[in-house]
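Each chain, written out:
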Amino acid sequence: MFKLVSRISAIRASPAHNLYFFQIHPFSSSLQSKHKSSNQDSFTVSYLINSLGFSPEKALSASKHVKFETTDRPDSVVAFFKNHGLTPTQISAVIKKFPSLLVCDAKKTLLPKLQFLNSKGVSSADVAVTCPRFLKCSLKNVIIPSFDFFSNLLQSEEKAVATIKRYSGIFWVDHQAQVTPHIQVLREANVPEANIMYLLMKQPRTFMVKIGRFREVVEEVEKMGFNPLRTNFVLAVHTVRSLSKSTWDKKAEAYKKWGLNDDEFLAAFRKQPGCMRVSENKIDKVMDFLVNKTGWGSSFFVRRPEVVSLSLEKRVVPRNAVYQVLWSNGLIRSKDIRLETLLLLSEKQFLKKVLSYQEEAAPKLLKLYKENLDLAK
C-alpha cells in the first residue's frame, strides 16, 4: 500500500500523468506477475485521479473493484455518458458508486437499457446517478419485467417513470419479496390503495426494509394515533422508517427542551411528519428564533409545525421582519393576517398580498425585505 501511495504522489507530480515508465523486468514469473499487477493498479488509480477527479483515497478504494491496463474501455464509457447528457461531475459520481461500469461494453451493456428507459421518458441521468447498479441488470430479465410490474401496480407508465426517477434501485429488487408484502401490511392497516401507491411513487425507499421492521413501523404509527385513511399516515410511515430509534429520540428531545410536552410534540408530528426529517441543528435554530427572537413561543410550532421545514434565513426571518413592521404600525390586525399565513405563501403571493397591498408602505417594506434576504446570502 505504501509503495502504491508513493507512486500516486509521483504520478500526480508528473505533468504528463503517464504511468508507462513503470516497466516490467523479467526477473522471474512471480516477479513479473507482481509487477504486472502493480502496473495495472497504478494505471487504474492514475486514470481515476486524472480523468475522473477521484481523490487518491477514493481511487485506491475503487481500484479494488475495477482494473484495466489501457484507457480504451474506460474512455468509451466516459464518452458514452457524456453523449447521454451526464456532466463530468455526474459521471464521476456514477463511477464512484459502481466502478465496474468503467470496463463494461457501453454499446452492448449500457445502450440498450438507456434506449428502453429513454423511450419511456426516463433520462439517462435519472437512472445512472441515482442507481448505477441498475445499468448492469439484465434488460430482458430485470428491467422490462420490473417496469411492467410497477406500471401495472400503479396503473400508469407515467407513474412508473416517476418512481424510477425517485429511486431506480427499487427496480432490481425481488418485487414479490420486497414490495408486495409491504403493500399487504398497509392494506391490512386499512390504508387506502391510492395512499399506498402515493407512498410507493413518492418515497419508494420506504419499501426497502425487511418486512418485519416495516410491520413494526406501521404498528408504531398506528399507536401514535394517525388516521390510516389520511395521507399523513403513510408520510409518518416514511419518516419513522427512515430514522433509527436513537436519532428519533435525539430529535424529539431537541423539540422538548424548548418547552413542549409529549402530547404537544406528538400533536405537531401528527400534523406534519416532515418536522422530524430536519436536522437537530435546524430544530434548535428555528425554535430559538420562535421562542427568544420573536416571542411567539413553542406554541407557534405546535400550531404550524411545517415552519421548521422552511428556510430560516430566506423565508422565516425576512417575512417576520415585514410582519413586525406592519403590526407595529397598525397596518394589519392579527385577525386579518397571521404570521403563519405569511410564512406559507409563495413568494409571488407574499409580495402581492403584503407589499403591493400596502401602497404607501410598500417601498420601505420591500427594501426591508430585500435587506433581510441579502443577509442570508
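Residue positions within a chain follow its written sequence, with the count starting from 1. pLDDT decides what is reported in this predicted model: residues at 70 or higher carry local features, side-chain atom pairs at 80 or more are listed and counted, and totals for whole chains, interfaces and linings draw on all residues regardless. Note that the side-chain values use all heavy atoms of the structure and ignore hydrogens as well as water.

Taking an unreviewed UniProt entry as the reference, the chain is identified by name as Mitochondrial transcription termination factor family protein belonging to Rhododendron griersonianum. Under the heading Sequence similarities (unreviewed entry), UniProt records this for the chain: "Belongs to the mTERF family." UniProt positions are given in the numbering used here, feature names are shortened, and annotations may be inferred rather than shown by experiment.

Participant: Looking at this structure, how should I read the packing of aromatic side chains?
Facilitator: Geometrically, a pair of aromatic rings is defined through the distance of the ring centres and the angle of the planes. A pair of aromatic rings is counted whenever rings of Phe, Tyr or Trp (Trp by its six-membered ring) have centres within 6.5 Å, and the orientation is called stacked for planes under 30 degrees apart, edge-to-face for over 60 and tilted otherwise. Using the criterion set out here, one finds 16 aromatic pairs in the structure. Between phenylalanine 116 and phenylalanine 147 the ring centres are 5.8 Å apart and the planes differ by 85 degrees, which places this aromatic pair in the edge-to-face class. Here phenylalanine 116, found in helix H6 (residues 106–119), pairs with phenylalanine 147, found in helix H8 (residues 139–154); they are 31 residues apart in sequence, far enough to count as distant. Across this residue pair, the class does not change: phenylalanine 116 and phenylalanine 147 are buried. The way it works is that DSSP assigns letters per residue, a run of H or I at least four long becomes a helix, a run of E at least two long becomes a strand, and they are numbered from the N terminus. Using a 1.4 Å probe on the protein chains alone, a residue whose accessible area is under 20% of its type maximum counts as buried, one over 50% counts as exposed, and one in between counts as partly exposed.

Participant: Explain the side chain of lysine 113 here, please?
Facilitator: Secondary-structure assignment places lysine 113 in helix H6. Within the buried set, lysine 113 has no salt-bridge partner at all; the shortest N-O distance to an opposite charge, 11 Å, is to aspartate 105. Sequence-distant contacts of lysine 113, defined by excluding residues within four places in its chain, comprise Leu135, Lys136, Cys137, Leu139 and Ile143. Note that His is not counted, nor are the chain ends; the positive residues are Lys and Arg, and the negative ones are Asp and Glu. A carboxyl oxygen of Asp or Glu within 4 Å of a side-chain nitrogen of Lys or Arg is what we treat as a salt bridge. Between two residues, a contact is recorded if the distance between any of their heavy atoms is within 4.5 Å.

Participant: So what exactly am I meant to see when it comes to the packing of helix H15 (residues 245–256) against helix H17 (residues 280–293) here?
Facilitator: Each pair of packed helices gets described by two things: the angle between the helix axes and the distance between those axes. Comment: axis = line fitted to C-alpha atoms, over the contacting stretch for helices; angle = value between 0 and 180 degrees taken between N-to-C directions. Packing of H15 against H17 leaves a shortest axis separation of 9 Å and a crossing angle of 10 degrees. When the axes of H15 and H17 are compared, the pair comes out roughly parallel. Packed against H15, whose contacting residues are Lys250, Lys251, Ala254 and Tyr255, the element H17 presents Glu280, Ile283, Asp284 and Met287 at the interface. We call Asp, Glu, Lys and Arg charged. Ala, Val, Leu, Ile, Met, Phe, Trp, Tyr, Cys and Pro are nonpolar, and the rest, Gly among them, are polar. Per-class residue counts for the contact of H15 with H17 are four nonpolar, no polar and four charged. Working definition: roughly parallel below 35 degrees, roughly antiparallel above 145 degrees, roughly perpendicular at 65 to 115 degrees, and oblique for all remaining angles.

Participant: Could you clarify how one ought to interpret the nonpolar core in this entry?
Facilitator: Nonpolar side chains in soluble globular proteins tend to end up buried together. Phe81, Ile95, Tyr255 and Phe301 are the most contacted members of the largest nonpolar core, which totals 111 residues. Among residues more than four places away in sequence, those in contact with tyrosine 255 are Leu260, Phe265, Cys275, Met276, Val278, Ile283, Met287, Phe301 and Val308. For this analysis, a nonpolar core means a set of buried residues of the types Ala, Val, Leu, Ile, Met, Phe, Trp, Tyr and Cys, connected via side-chain atoms within 4.5 Å.

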